[in-house]
2 protein chains.
Amino acid sequence: MNPTAAILLIGDEILSGRTKDSNGNHLAKCLAELGIALHEIRVVPDDHAVIVSALNALRKAHIHVFTSGGIGPTHDDITADAVAAAFGVGISVRDDARAILATNYDNPADLNEMRLRMARIPDGARLIDNPISKAPGFSLGNVHVMAGVPVIFEAMVAGLLPSLTGGAPMRSISVRVDNPEGAVAAELAEIAARFPTLSIGSYPFVTDSGFGTNIVARGFDAELLAAVEVEIHKL
Amino acid sequence: MNPTAAILLIGDEILSGRTKDSNGNHLAKCLAELGIALHEIRVVPDDHAVIVSALNALRKAHIHVFTSGGIGPTHDDITADAVAAAFGVGISVRDDARAILATNYDNPADLNEMRLRMARIPDGARLIDNPISKAPGFSLGNVHVMAGVPVIFEAMVAGLLPSLTGGAPMRSISVRVDNPEGAVAAELAEIAARFPTLSIGSYPFVTDSGFGTNIVARGFDAELLAAVEVEIHKL
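Residues numbered from 1 in each chain as written. Chains lettered and ligands numbered in written order. Predicted model: local features only at pLDDT ≥ 70, side-chain atom pairs only at ≥ 80, totals over all residues. Heavy atoms only, no water.

1. A closer look at empty space enclosed by the protein
Here is step 1: The tally for this structure, following the rule as stated, stands at three cavities of 30 Å³ or more.
Here is step 2: Considered as a void within the structure, the largest cavity measures approximately 260 Å³ in volume.
Here is step 3: Looking at the largest cavity, it is lined by 18 residues, and the ones nearest its centre are A:Leu9, A:Asp21, B:Leu9, B:Asp21 and B:Val43.
Here is step 4: Breaking the lining of the largest cavity down by element, the ones donating at least two residues are helix H2 (23-34) and strand E2 (37-44) of chain A together with helix H2 (23-34) and strand E2 (37-44) of chain B.
Here is step 5: Taken together, the residues that form the lining of the largest cavity break down as eight nonpolar, six polar and four charged. (1 Å grid on protein atoms, 1.4 Å probe; cavity = no way out; pocket = protein on both sides within 12 Å on 5 of 7 lines; lining within 4 Å. Points joined across faces, edges and corners; volume = space filled by probe spheres on them. Helix = DSSP H or I, 4+ residues; strand = E, 2+ residues; numbered from the N terminus. Nonpolar A, V, L, I, M, F, W, Y, C, P; charged D, E, K, R; others polar.)

Following this line, the structure appears as structure tokens:
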């Protein structure tokens, strides 16, 4: 049984449409490769009560919860406090986090009060390395808290994931069918019924020359996937 | 008070990372323009029980719920059934939906059993026009059900939104500051405290020449936004 996960993306900028999120898709691909089954992505605003409520729902339902956003130095960065509140633990500036942060500033005075907010870590958390801008993420229990800036998020993910236990990597095969999905749906349903351990999806597309369908099968057994690919090519 | 909304994106292909969703961002921008406050985006798999549970949570918490995906002709298209189950109503092939669908096929035999699935509409729903491939979406209560293919989703949104009552459109101003956010955070917090009805966010970015910050203020009052823009330019 592969471990399950959820991603919680935190930020008004995604909900207003200003920012098109890329962190969810990036991490989704990494988790599939690692064999961790992603069951939900949720986007919530910079609102303490909403973040706490979402964290508590997701961390109880999944083996891993990954968050993105809200751990910078400004007034709207409230994720660390929300995580501490969700777990009912304290939060304060931690010496190791402060020391890491300090390596980013030649002039000690630049590590001002607002920047020191980035060294506030909930009690009992383990730091996640940030090779880009130093300010660390952290893991508390099964919740992994990372930055929202994509280049930093991706660097944190690259450092974190090898420490997590996954399962067999999810593999997939994809076949392009130059027919609208309604023309192949009945036969495809029969194929899906014969391969119940695979997830078989049908993704229609539109081009200038008409409608087509990408058939994608996903699963953990490479032999079964090879067998189903042969069947799908007959459609 | 502006109406609130949630978006429910349905599909294994988003959670596996294969598909990078664009419908959420497109609708988020449209809703901001219309003055409907988007409070959540949730991505769930093609799983009946999970979809029903998410629909019931979201439709009770928000004025509008918009769904994307899972209304095609194939075995993995289960959204319409999940919506009927969430509302506790029946679902069957409806004559008006069948007639619309039939206009898409020159040969009546092409409207096969699987394609007829796209004319199955929950009892009491109102159809949403699909000018691209005919198969309609539908609204039931405060839940608006649309296709996942972006070109079709966007066409359905364009037809649906004018029928919904919004509020004052959300406006925003954006100022680029060539300083890392830690350098402006304290002053920015003071500005945010002086404009409590505006949502003021700070979005750091990384370029070859170093760290910078986009400051974005959002709200419904154009005069307040103009005033805060002057203050932010002083940072």
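That covers the picture; the talk isn't over yet.
2. What about the domain arrangement of chain A?
Size of an interface: often given as the accessible area lost when the parts come together.
Here is step 1: As assigned here, chain A comprises domain 1 (4-163) and domain 2 (171-233).
Here is step 2: A straight line from the C-alpha centre of domain 1 of chain A to that of domain 2 of chain A covers 37 Å. (Domains from an automatic or database assignment.)

3. Describing a positive patch on the surface
Here is step 1: A contiguous patch of positive charge on the surface is contributed by A:Lys20, A:Lys29, B:Lys20 and B:Lys29.
Here is step 2: Relative to the helices and strands, B:Lys29 resides in helix H2. (Patch = residues over 30% accessible without salt bridge, like charges linked within 9 Å, V, L, I, M, F, W, Y side chains within 5 Å. Areas by Shrake-Rupley, 256 points an atom, 1.4 Å probe, with all protein chains shown as cover. Salt bridge = Lys/Arg side-chain N within 4 Å of Asp/Glu carboxyl O. Lys, Arg positive; Asp, Glu negative; His and termini not counted. Charge placed at Lys NZ, Arg CZ, Asp CG, Glu CD.)

4. A word on the nonpolar core
Here is step 1: A:Phe66 and B:Phe66 are the most contacted members of the largest nonpolar core, which totals 107 residues.
Here is step 2: Once you skip the residues sitting within four places of it in the chain, B:Phe66 turns out to touch B:Ala5, B:Ala6, B:Ile7, B:Leu8, B:Leu27, B:Leu31, B:His144, B:Met146, B:Leu160, B:Leu161 and B:Leu164. (Core = buried A, V, L, I, M, F, W, Y, C linked by side-chain atoms within 4.5 Å. Buried < 20%, exposed > 50% of the residue type's maximum accessible area, 1.4 Å probe, protein only. Contact = heavy atoms within 4.5 Å.)

5. Quick notes on the packing of helix H3 (residues 48-61) of chain B against helix H4 (residues 79-87) of chain B
All names here are of chain B.
Here is step 1: In contact at an axis separation of 9 Å, H3 and H4 are set at 55 degrees when each is read in the N-to-C sense. By the angle between their axes, H3 is oblique relative to H4. Considering the relative orientation of H3 and H4, their crossing is right-handed. Of the residues in H4, those touching H3 at His48, Ile51, Val52, Leu55, Asn56 and Arg59 are Asp81, Ala82, Val83, Ala85, Ala86 and Phe87.
Here is step 2: Class assignment for the residues of the contact of H3 with H4 results in eight nonpolar, two polar and two charged. (Axes fitted to C-alpha atoms, helices over the stretch in contact; angles between N-to-C directions. Parallel < 35°, antiparallel > 145°, perpendicular 65-115°, else oblique. Left-handed = near helix turned anticlockwise from the far one by under 90°.)

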